[in-house]
Amino acid sequence: MTPSPKRQRVALVSYPPSQRFVLDSLLPALSNELPAWRILTSPDSSIVPDLQWGDYDMLNWDTGLAPEHLTNSYLIRKGLIRKNHLAHTLSLYLSKHPSSPLSSASLKTFIFALSFPDELDELLQDDLYELAESFASPGEEKWWILKAALADKGNGIRLFKDREGLEEIFEEFEPESEEEEEEESGEEGERPRGFGLETKVDSSQMQEWVIQEYISTPLLLDPSPSSSLSPTPRKFHLRVYVLCTGGLSLYIHTPFLTLFAPSSYLHPSISTDLSSHLTNTNVEAKVGEVMRETFKAGVSAGSGFQVLPNCFEIFGCDLLITDSFDVKLLEINACPDFTQTGPALQSVIDDLFASTVKVAVVPFFRALDRAEGGEEEELSEELEKLDVEEGYEVCVGGLRRVLKMETSRAW
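The rules behind the values
- Residues numbered from 1 in each chain as written.
- Predicted model: local features only at pLDDT ≥ 70, side-chain atom pairs only at ≥ 80, totals over all residues.
- Heavy atoms only, no water.
- Helix = DSSP H or I, 4+ residues; strand = E, 2+ residues; numbered from the N terminus.
- Buried < 20%, exposed > 50% of the residue type's maximum accessible area, 1.4 Å probe, protein only.
- Polar contact = N/O pair within 3.5 Å; in protein donor to acceptor, adjacent residues only side chain to side chain.
- Contact = heavy atoms within 4.5 Å.
- Axes fitted to C-alpha atoms, helices over the stretch in contact; angles between N-to-C directions.
- Parallel < 35°, antiparallel > 145°, perpendicular 65-115°, else oblique.
- Left-handed = near helix turned anticlockwise from the far one by under 90°.
- Nonpolar A, V, L, I, M, F, W, Y, C, P; charged D, E, K, R; others polar.
- Arc of directions from axis to C-beta.
- Phe/Tyr/Trp six-rings, centres within 6.5 Å; stacked < 30°, edge-to-face > 60°.
- Lys NZ or Arg CZ within 6 Å of the ring centre and 35° of its normal.

**What about the side chain of His-253?**
Link 1 in the chain: Summarising the element assignment, His-253 is placed in strand β11 (residues 249-253).
Link 2 in the chain: Under the relative-accessibility criterion, His-253 is labelled buried at 1%.
Link 3 in the chain: In this structure the side chain of His-253 is engaged in a polar contact, spanning 2.7 Å, whose partner is the side chain of Asp-351.
Link 4 in the chain: Residues contacting His-253, with those up to four places away along its chain left out, are Tyr-241, Val-348, Asp-351, Leu-352, Gly-398 and Leu-399.

Shown next, in the form of structure tokens:
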């Protein structure tokens, strides 16, 4: 009897039109590494894709959770990607592992809920009591940074050093009545110093907040030293793309991106203009160490980050380097904005996607094909066939594996 022909596998790539930058890198990577596959860019009700790769809100979890299908996101990861949940995750982990590198990499953080400014008095006597004590402490003034837990791209971020400054911020964020909006539309009011109106948020909508210590000794670099006669040192942070696969291997991608603030750095005692403090437009080893511990914290915290053997995800992790070359974890972003890389560094994203297909997709389906054919071979055995570099277990393209756990084995 002639064996039936092998079914052609299908990948569904789903991104909104605004994510064209992603498609320009991802589609060639899939075509090159999976030449026999059919690749769709819009859903077909008659086809159940073997691989879903798209924006989180466009994924179909009814099919995505089936063990023979692969999806480019974990279903639950709020324990890492929400600022308040991440702070809780790290705090819980450090209570059990006080000698972890996270003890120096994590920032002093306060978590609280607030919708209206008049709630602040009670909070400063309760959840924010330690913060209130710092306002009255003698010695060098200490600056803090306020962040809306669910906001991104710099929205809701403000700097302050005392109670009055914090009160002013929440007065600014207080939702306006219709009468106030009409009055302001007819006259141009004075813009508060250091407050970016374009990053203002409505406190009644945000509700959840974090306050973190402000790092006043960041490492400063001149983004274009050869094009200027006078140095213009600027604050920056590293954007590190991290790939998580199954349950759980962790890879960091190099080179790291350096995102610079749009203007020269000034200490907040001189200027709280956000343009010099926000950077949204031997270190590599430390970064790998911090990332490894952070994701170990995530999986050990319980329900906030649930790994699955048939999922993988690329996170954008932001880290600050101090002038003593210490690494500080700022935040972790799901569905990172790859357009921040820019056309000049398109090759970085090209390599990230190509390497991800090789590490997360090809071995998964190769192992699945062999299992369907009656051959017993674990997915982990497929991964071990990848190139190996000294210092890391697995090296593929720009990806370096820094963690391998068995929290969830393929079923």
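There is more to say, and it comes next.
**A look at the packing of helix α1 (residues 20-33) against helix α12 (residues 346-372)**
Link 1 in the chain: At their nearest, the axes of α1 and α12 sit 9 Å apart, and the two run at 45° to each other. Comparing the axis directions of α1 and α12 gives the class oblique. In this structure, α1 crosses over α12, and the sense of that crossing is right-handed. Where α1 approaches α12, its residues Phe-21, Val-22, Asp-24, Ser-25, Leu-26, Ala-29, Leu-30 and Glu-33 are matched on the opposing element by Gln-346, Ile-349, Asp-350, Phe-353, Ala-354, Val-357, Lys-358 and Val-362.
Link 2 in the chain: By residue class, the composition of the contact of α1 with α12 is ten nonpolar, two polar and four charged.

**Description of helix α8 (residues 163-173)**
Link 1 in the chain: Residues of α8 that are buried: Gly-165, Leu-166, Ile-169, Phe-170, Glu-172 and Phe-173. The arc enclosing the buried residues of α8, seen along the axis, measures out at 155°, which places them on a common side.

**As for the packing of aromatic side chains**
Link 1 in the chain: Counted under the stated rule, the structure contains 18 aromatic pairs.
Link 2 in the chain: With a centroid separation of 6.4 Å and 85° between ring planes, the pair formed by Phe-305 and Phe-315 is classed as edge-to-face. Taken together, the residues Phe-305 in the loop between α11 (283-300) and β13 (312-321) and Phe-315 in strand β13 connect sequence positions ten residues apart. For the pair Phe-305 and Phe-315, one class covers both residues: buried.
Link 3 in the chain: Members of the aromatic cluster, joined through ring pairs, are Trp-53, Tyr-241, Phe-312, Phe-338 and Phe-353.
Link 4 in the chain: Over the face of the ring belonging to Trp-144 we find Lys-142, whose NZ or CZ atom lies 5.1 Å from the ring centre.

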